[in-house]
Amino acid sequence: MLSTWRISMAVKYRIEQFGAGNLSRRDFTPGPLQPDKVRVQIKAISLNYRDLLMIQGHYNPKMKLPVIPISDGAGVVTECGSQVTQFEKGDRVLTTMIPGWEKGLPEKGIHSSTLGGPADGCLSEVCDFYPRELLNIPANITFEQAATLPVAGLTAWNAIQKLPHKSGKSILLLGTGGVSLAALGIAKAHHMKVAITSSSNHKLERAQALGADCGLNYVDEVKWGQAIRSFFPDGCDLVVEVGGSGTFNQSVTACRLGGKIALIGVLAETGQRINLTKVLMSSIDVHGILVGSREQFKDYLRFVEQTGVTPTIGQQFEGIDQIANALELLQSGQHFGKIVISF
Ligand SMILES: NC(=O)c1ccc[n+]([C@@H]2O[C@H](COP(=O)([O-])OP(=O)(O)OC[C@H]3O[C@@H](n4cnc5c(N)ncnc54)[C@H](OP(=O)(O)O)[C@@H]3O)[C@@H](O)[C@H]2O)c1
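Considerations on the domain arrangement of the protein chain
Reasoning step 1: Split by domain assignment, the protein chain resolves into domain 1 (10–149 + 311–342) and domain 2 (163–288).
Reasoning step 2: The distance between the C-alpha centroids of domain 1 and domain 2 comes to 29 Å.
Reasoning step 3: With 10 residues of domain 1 at the interface, the matching set in domain 2 holds 10 residues.
Reasoning step 4: Surface buried jointly by domain 1 and domain 2 totals about 800 Å² across both partners, of which 66% is contributed by carbon and sulfur atoms.
Reasoning step 5: At the junction of domain 1 and domain 2, the tally comes to zero salt bridges.
Reasoning step 6: Class assignment for the residues of the side of domain 1 that touches domain 2 results in three nonpolar, six polar and one charged.

Here we look at unusual backbone geometry
Reasoning step 1: Of the consecutive residues Leu-65 and Pro-66, the connecting peptide bond is found in the cis state with omega at 5°.
Reasoning step 2: In this structure, Pro-66 sits in the loop between α1 (49–56) and β4 (72–80).
Reasoning step 3: For His-191, which is not glycine, the phi dihedral falls at a positive 60°.
Reasoning step 4: As for its position among the elements, His-191 is in the loop between α4 (178–189) and β9 (193–198).
Reasoning step 5: If you check the backbone angles, Val-291 has positive phi at about 30° while not being a glycine.

Some points on the packing of helix α3 (residues 149–160) against α4
Two quantities define a packed helix pair, namely the angle between the axes and the distance from one axis to the other.
Reasoning step 1: Two elements in contact, α3 and α4, have axes separated by 8 Å at closest approach and are oriented at 55°. Relative to α4, the element α3 lies oblique. Helix-helix and strand crossings are classified by hand; for α3 and α4 the assignment is right-handed. Note on element contacts: α4 touches α3 through Gly-178, Val-179, Ala-182, Ala-183, Ile-186 and Ala-187, opposite Ala-152, Gly-153, Thr-155, Ala-156, Trp-157 and Ile-160.
Reasoning step 2: Class assignment for the residues of the contact of α3 with α4 results in nine nonpolar, three polar and no charged.

Section: the site of the ligand
Reasoning step 1: Around the ligand sit 26 residues in total, of which Thr-176, Ser-198, Tyr-218, Ile-289 and Val-291 are the nearest.
Reasoning step 2: Thr-176 places a polar side-chain atom, nitrogen or oxygen, 2.6 Å from an oxygen atom of the ligand.
Reasoning step 3: Separating an oxygen atom of the ligand from a side-chain N or O atom of Tyr-218 is a distance of 2.6 Å.
Reasoning step 4: Relative to its unbound accessible surface of 930 Å², the ligand loses 87% to contact with the protein.

With respect to the environment of Ser-282
Reasoning step 1: Residue position: Ser-282 is located in the loop between α8 (276–281) and β13 (285–288).
Reasoning step 2: Considering only alpha carbons, one finds Ser-282 and Ile-228, 54 residues apart in sequence, at a separation of 17 Å.
Reasoning step 3: Apart from residues lying up to four places away in sequence, Ser-282 is in contact with Arg-256, Leu-257 and Gly-258.

Some details on the packing of aromatic side chains
Reasoning step 1: Going through the model one piece at a time under the given rule, you end up with four aromatic pairs.
Reasoning step 2: With 6.3 Å between their ring centres and 20° between their planes, Tyr-300 and Phe-303 make a pair best called stacked. Residue Tyr-300 and its partner Phe-303 are located together in helix α9 (residues 294–307), separated by three residues, close to a single helical turn. Across the pair, Phe-303 and Tyr-300 agree in class, each one buried.
Reasoning step 3: The aromatic ring of Tyr-130 is capped on one face by Lys-37, whose charged end is 4.5 Å from the ring centroid.
Reasoning step 4: Sitting above the plane of the Tyr-59 ring, Arg-50 keeps its charged end 4.6 Å from the centroid.

Regarding α1
Reasoning step 1: Of all the eight residues making up α1, six are buried; the element is thus mostly covered by neighbouring parts of the structure.
Reasoning step 2: Its buried side turned inward, α1 meets β3 (38–46) and α10 (323–332).
Reasoning step 3: Of the residues one or two after α1, Gly-57 is the one with positive phi, at around 85°.

Comments concerning the environment of Ser-251
Reasoning step 1: Mapped onto the secondary structure, Ser-251 falls in helix α7 (residues 248–254).
Reasoning step 2: Leave out the neighbours within four places in its chain, and Ser-251 touches Leu-174, Trp-224, Val-239, Glu-241 and Ile-261.

A short note on the nonpolar core
Reasoning step 1: In terms of nonpolar packing, the biggest core is built from 70 residues, with Leu-94, Ile-171, Leu-172 and Tyr-300 touching the most fellow members.
Reasoning step 2: The biggest single contributor to this core is α3, with eight residues.
Reasoning step 3: Two domains share this core, each providing at least three of its residues, namely domain 1 (10–149 + 311–342) and domain 2 (163–288).
Reasoning step 4: Excluding its chain neighbours within four sequence positions, the residues that come into contact with Leu-172 are Ala-195, Ile-196, Thr-197, Trp-224, Ile-228, Cys-236, Leu-238, Val-239, Val-240 and Ala-254.
Reasoning step 5: In terms of nonpolar packing, the next biggest core, distinct from the first, is built from 36 residues, Val-11, Tyr-13, Ile-68 and Ile-320 among them.

Criteria and thresholds
Residues numbered from 1 in each chain as written. Predicted model: local features only at pLDDT ≥ 70, side-chain atom pairs only at ≥ 80, totals over all residues. Heavy atoms only, no water. Domains from an automatic or database assignment. Contact = heavy atoms within 4.5 Å. Buried area = accessible area lost by both parts, 1.4 Å probe. Salt bridge = Lys/Arg side-chain N within 4 Å of Asp/Glu carboxyl O. Nonpolar A, V, L, I, M, F, W, Y, C, P; charged D, E, K, R; others polar. Helix = DSSP H or I, 4+ residues; strand = E, 2+ residues; numbered from the N terminus. Axes fitted to C-alpha atoms, helices over the stretch in contact; angles between N-to-C directions. Parallel < 35°, antiparallel > 145°, perpendicular 65-115°, else oblique. Left-handed = near helix turned anticlockwise from the far one by under 90°. Near = heavy atom within 4 Å. Polar contact = N/O pair within 3.5 Å; in protein donor to acceptor, adjacent residues only side chain to side chain. Areas by Shrake-Rupley, 256 points an atom, 1.4 Å probe, with all protein chains shown as cover. Phe/Tyr/Trp six-rings, centres within 6.5 Å; stacked < 30°, edge-to-face > 60°. Buried < 20%, exposed > 50% of the residue type's maximum accessible area, 1.4 Å probe, protein only. Lys NZ or Arg CZ within 6 Å of the ring centre and 35° of its normal. Core = buried A, V, L, I, M, F, W, Y, C linked by side-chain atoms within 4.5 Å.

What follows is the structure, given as structure tokens:
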């Protein structure tokens, strides 16, 4: 266990060559802090599907190595460089995934600032960040909860922002992964009606215990896009689409006339032909979602502060050296909501 203020030795993991089994573990002594950086003792991280792809080399096989993976982290500021005015020692902070995107529309070049690849991420007990890579954690949540917000939480938040009027509206969530269960909490806080799909009846029961109004097993009910209409006869106002081409046509079927699809992920990418005619005949708005800007994150953090609603943590590991087990669980798809490692 590290003391909060005096850090002598710490552990970090780096991608030196791609492959989930190839993460390289290093002991290190943090050197002098650069004047424009903030030193953070990491207390918790959470995993995202992107982290797995990044480590495997599937996200960007040409990425320059070594890189410290993992975008999501939360911790305590132990030291600030002499030029830093935004934070002070003792602040509880979390990471912003795309720090180069302050507000408005995304601009060219922002991806080069993304934490967890190509910029260094959080799989290190001690990390030095630029101030723009951090925001303060709301006082009412834990480090573990905070570590679920930067990617899954913010992405779900932005998907739901596509509906200007939320109360009473219907939303369909695909699967019980990190983004979908983050969206479940946000949707219920806005008094929306929630349908959710899963490959597992047990996970559907857990989602219903968290507030989902109805559930469908997408393995048993292959035409779930039509089946969802037994709950919402006119179709859903918003579908949070995480599957990609393997689920998109069903999502279109599930959507009401003039409804919206927030296009987020490609978990079920099959190369299946998309029925574009149906999209236009139903006048569906398809919105591509890229996590979110720092400004959007600040809005989301205000919501978290007011409601205490954070993404569901389904499984928690203790200690940075649990990373291999945590990645294996993510890859298996057996998880429910977010996987967190506390340090
Ligand atoms: N655009 C962005 O900014 C952004 C941000 C975050 C994530 N993403 C992407 O969004 C996707 C979801 O991310 P995540 O973090 O929520 O992933 P995750 O936690 O790994 O979610 C995995 C779950 O997705 C469900 N799933 C898999 N195949 C499915 C299918 N064919 N139909 C319905 N559900 C299916 C499964 O749920 P069950 O076990 O219940 O069946 C699985 O457990 C990923 O592709 C990720 O890369 C994009």
